[in-house]
Amino acid sequence: MRNVIETDVVIIGAGPVGLFAVFELGLYDLRCHLIDILDRPGGQCAELYPEKPIYDIPAWPEISGAGLTERLMEQIKPFHPEFHFNRMVQSLKKLEDGRFEVETDENEVFHAKIVVIAAGGGSFQPKRPPIPGIEAYEDKSVFYSVRRMEEFRDHDVLIVGGGDSALDWTLNLQPLARSLTLVHRRPEFRAAPDSVNKMFAMQEKGDLNFEIGQVTGLSGADGQIEAATVKGPDGEVEVKATRLLPFFGLTMKLGPIADWGLNLHENLITVDTEKFQTSVPGIFAIGDINWYPGKLKLILSGFHEAALMAHAAKKIAHPEAKVVFQYTTSSTSLQKKLGVK
Amino acid sequence: MTKITIVANDGTRYELEAENGSTVMENAVRNAVPGIEAECGGACACATCHVYVHEAWKEAVGEPEAMEEDMLDFAYDVRPTSRLSCQIRVSDALDGLIVSVPERQA
């Protein structure tokens, strides 16, 4: 028996617009579960520019991506949103009773009256390094993450990158690999200094190889790599490798959203500008992921879209209820929901 | 106005009048220079506005800061003259600057 999470609303994406949607939906007594592929809230604000100031948030002359996320989290606290991080929504389909079924790649199932897609530029996924022909080896001998360490046992492992993922896996896989080589473009690392020191200590003992350079080519057959060409300051070297783990950061991809049967416009979801509803009633799209004539990809536009979406969503979720428009400044019922004393 | 030249990968030369204080990336995007993707919009958070600074201009442009070096790790075919064009600010000192677009962005 599958464990199904029942909720009013599933929000796909926990960036600033997804977070603010919790607030607007909360004012209408709609409970939200949020799903995000990152390991924390904030979306692009957290992943791309946590420290970078944003200048066009109304009433905040200057605020950082991290600061904005923090304040939104504080603002939505009274509504007790539930977060499901490190997950990607795989499928979205309509149930016979009119609700929607949302399934993640961790096999969780949600049943919701409303689905709000606030997925920004899509989901963050590992970037494919610019090595010619790498596609042919993916998921066979080239991996972008480690799901099971056993798959690397007794292999000649080649790790490329200079961040925490690259260094952490270098240290963790070295004991079970037949050989391990780390390749990085330069002798400086982004990773935590402690991991870097450990790596250099292992290199000194001869437990692993460290090469400065960039991988420019792969050789092998039938999806199985045999060696990689590393171009360094002193020319090219061949590195024996039967497993390759490149860590080249994250990029945004629309992902499975493209397969949900929604009308799209150049990889964005088409919505109306009254409700920000997609071509499927009950599924809304707000923020950078949507498109309508005149659309501007601004956080503040997403906030506006969230407010109108919530008003429309309430009518679908509780068709019997009278939807009354109220102000937080004067409505005692809204203030009660916000915990104002 | 400062004159800068961006050489696309097919050899087309884009000779642009750039405002001082603007970035080379902004000028490239505004003039639709092919090959400058600038996915993150200039936040030094991707490596898709990678350019090669012509040797004669390397010193005037200067060295990348640590954060930019970190991002260059993700770029394709990084060379000693590699820079992210969103981090190069146009000034009088760069009048005549020439940069080239690499074969591909990351």
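Everything numeric here is computed off the predicted structure, so don't read it as measured data.

(A) The overall build of chain B, seen in detail. Assigned secondary structure in chain B consists of three helices and five strands. Going residue by residue from the N terminus, the α and β elements of chain B occur as β-β-α-β-α-α-β-β. The C-alpha radius of gyration of chain B comes to 12 Å, within 12% of the 13 Å expected for a compact globule of 106 residues. With the principal axes as the frame, chain B shows a C-alpha extent of 30 × 25 × 25 Å. A burial count over chain B gives 54% of its 106 residues as buried. For chain B, the share of sequence-separated contacts (at least 6 apart) that also reach a separation of at least 24 residues comes to 64%. Summing over all exposed atoms, chain B offers an accessible surface of approximately 5,000 Å²; the carbon and sulfur share of this is 45%. Once the 8 positive and 19 negative side-chain charges of chain B are each reduced to a mean point, those two points are 3 Å apart.

(B) A look at the packing of helix 1 (residues 16-27) of chain A against helix 3 (residues 65-76) of chain A. Residues and elements named next belong to chain A. Look at helix 1 against helix 3: their axes get within 9 Å of each other, and the N-to-C directions meet at 20°. By the angle between their axes, helix 1 is roughly parallel relative to helix 3. As for how helix 1 packs across helix 3, the hand of that crossing is left-handed. Packed against helix 1, whose contacting residues are Pro16, Leu19, Phe20, Val22 and Phe23, the element helix 3 presents Leu68, Thr69, Leu72, Met73, Gln75 and Ile76 at the interface. Across the contact of helix 1 with helix 3, the residue classes break down as nine nonpolar, two polar and no charged.

(C) Main features of the environment of B:Ile88. Residues and elements named next belong to chain B. Turning to its location among the elements, isoleucine 88 is positioned in the loop between strand 4 (82-84) and strand 5 (97-100). With relative accessibility at 2%, the residue isoleucine 88 sits in the buried group. Taking the C-alpha atoms as reference points, isoleucine 88 and glycine 62, separated by 26 residues in sequence, lie 8.9 Å from one another. Ignoring anything within four residues of it in the chain, the contact list for isoleucine 88 reads Ser22, Thr23, Val24, Val51, Val53, Val61, Arg83, Leu94 and Leu97.

(D) Inspection of helix 1 of chain A at higher detail. Residue and element names in this part refer to chain A. Relative to the 16 Å expected for twelve residues at 1.5 Å per residue, helix 1 spans 17 Å between its end C-alpha atoms, a close match to the ideal helical length. Within helix 1, twelve of the twelve residues are buried, which leaves the element mostly enclosed by the surrounding structure. Those residues of helix 1 that sit buried are Pro16, Val17, Gly18, Leu19, Phe20, Ala21, Val22, Phe23, Glu24, Leu25, Gly26 and Leu27. Taken from the residues just after helix 1, aspartate 29 is the one with a positive phi, measuring 65°.

(E) Spotlight on the sheet that holds strand 12 (residues 209-212) of chain A. Residues and elements named next belong to chain A. In spatial order, the strands read 12-11-10-16; together these four strands make up an open sheet with parallel pairing. Strand pairing shows two members of the sheet lacking a second neighbour, strand 12 and strand 16 (243-246), which therefore form its edges. If you compare each strand with its neighbour and ignore which way they point, the axes differ by 20° on average. Bridge count between strand 10 (residues 156-160) and strand 16: four bridges; the pairing is parallel. Its bridge partner being in strand 16, leucine 158 is matched across the sheet by leucine 244. Strands in contact with helix 4 (residues 164-173) are strand 10, strand 11 (179-184) and strand 16; relative to strand 10, the strand with the most contacts, it is inclined by about 165°.

(F) Spotlight on the interface of chain A and chain B. Between chain A and chain B, the residue contacts involve 15 residues of the former and 17 residues of the latter. Among the residues of chain A in contact with chain B, A:Pro130, A:Arg185 and A:Arg190 are the three that bury the most area, contributing 36% of the side total. Counting across the chain A and chain B interface gives six salt bridges. For B:Asp73, the salt bridge is made with A:Arg185, and the minimal N-O distance between the two is 3.0 Å. Connecting chain A to chain B are eight residue pairs in polar contact (both at pLDDT 80 or more). Class assignment for the residues of the side of chain A that touches chain B results in five nonpolar, four polar and six charged.

(G) Structural context of the pairing of strand 13 (residues 214-221) of chain A. Residue and element names in this part refer to chain A. Bridge count for strand 13 against strand 14 (residues 224-232) is seven bridges, and the pairing is antiparallel. By the bridge assignment for strand 14, alanine 221 is matched with glutamine 224. Counting the residues in the hairpin turn of strand 13 and strand 14 gives two residues, including aspartate 222, whose phi is positive at 50°.

(H) Just the domain arrangement of chain A, in detail. For chain A, the assigned domains are domain 1 (4-125 + 251-338) and domain 2 (128-248). Taking only C-alpha atoms, the centre of domain 1 of chain A and the centre of domain 2 of chain A are 38 Å apart.

(I) View of the pattern of salt bridges. This structure, assessed with the given rule, holds 29 salt bridges over all chains. With a closest N to O distance of 2.9 Å, B:Asp73 and A:Arg186 form a salt bridge. Here B:Asp73 is found in the loop between helix 3 (66-72) and strand 4, whereas its partner A:Arg186 is found in the loop between strand 11 and helix 5 (193-204) on a different chain. Grouping residues by exposure puts B:Asp73 and A:Arg186 together as buried. The closest approach of N and O atoms between B:Glu68 and B:Arg83, which form a salt bridge, is 2.7 Å.

(J) Highlighting the nonpolar core. Of all hydrophobic cores here, the largest spans 70 residues; its most connected members are A:Ile11, A:Leu25, A:Val116, A:Ile117 and A:Ile286. With residues up to four places along the chain from it excluded, the contact list for A:Val116 reads A:Val9, A:Val10, A:Ile11, A:Ile12, A:Leu25, A:Phe284, A:Ile286 and A:Met309. A:Ile131, B:Cys44, B:Val78 and B:Leu94 belong to the second largest nonpolar core, which has 49 residues in total.

(K) Inspection of the sheet that holds strand 3 (residues 50-53) of chain B at higher detail. Residues and elements named next belong to chain B. Spatially, 2-1-5-3-4 is the arrangement adopted by the five strands of the open sheet, whose pairing is mixed. In this open sheet, the two strands that pair with only one neighbour each are strand 2 (13-18) and strand 4. Neighbouring strand axes in the sheet, compared pairwise and without regard to direction, differ in orientation by 35° on average. Taken together, the three bridges between strand 3 and strand 4 define a ladder with antiparallel strand orientation. What sits directly across from valine 51, in strand 4, is arginine 83.

About the criteria used
- Residues numbered from 1 in each chain as written.
- Chains lettered and ligands numbered in written order.
- Predicted model: local features only at pLDDT ≥ 70, side-chain atom pairs only at ≥ 80, totals over all residues.
- Heavy atoms only, no water.
- Helix = DSSP H or I, 4+ residues; strand = E, 2+ residues; numbered from the N terminus.
- Rg over C-alpha atoms; globule rule 2.2 N^0.38 Å.
- Buried < 20%, exposed > 50% of the residue type's maximum accessible area, 1.4 Å probe, protein only.
- Contact = heavy atoms within 4.5 Å.
- Areas by Shrake-Rupley, 256 points an atom, 1.4 Å probe, with all protein chains shown as cover.
- Lys, Arg positive; Asp, Glu negative; His and termini not counted.
- Charge placed at Lys NZ, Arg CZ, Asp CG, Glu CD.
- Axes fitted to C-alpha atoms, helices over the stretch in contact; angles between N-to-C directions.
- Parallel < 35°, antiparallel > 145°, perpendicular 65-115°, else oblique.
- Left-handed = near helix turned anticlockwise from the far one by under 90°.
- Nonpolar A, V, L, I, M, F, W, Y, C, P; charged D, E, K, R; others polar.
- Expected span 1.5 Å × (residues − 1).
- Pairing = 2+ DSSP bridges.
- Buried area = accessible area lost by both parts, 1.4 Å probe.
- Salt bridge = Lys/Arg side-chain N within 4 Å of Asp/Glu carboxyl O.
- Polar contact = N/O pair within 3.5 Å; in protein donor to acceptor, adjacent residues only side chain to side chain.
- Domains from an automatic or database assignment.
- Core = buried A, V, L, I, M, F, W, Y, C linked by side-chain atoms within 4.5 Å.

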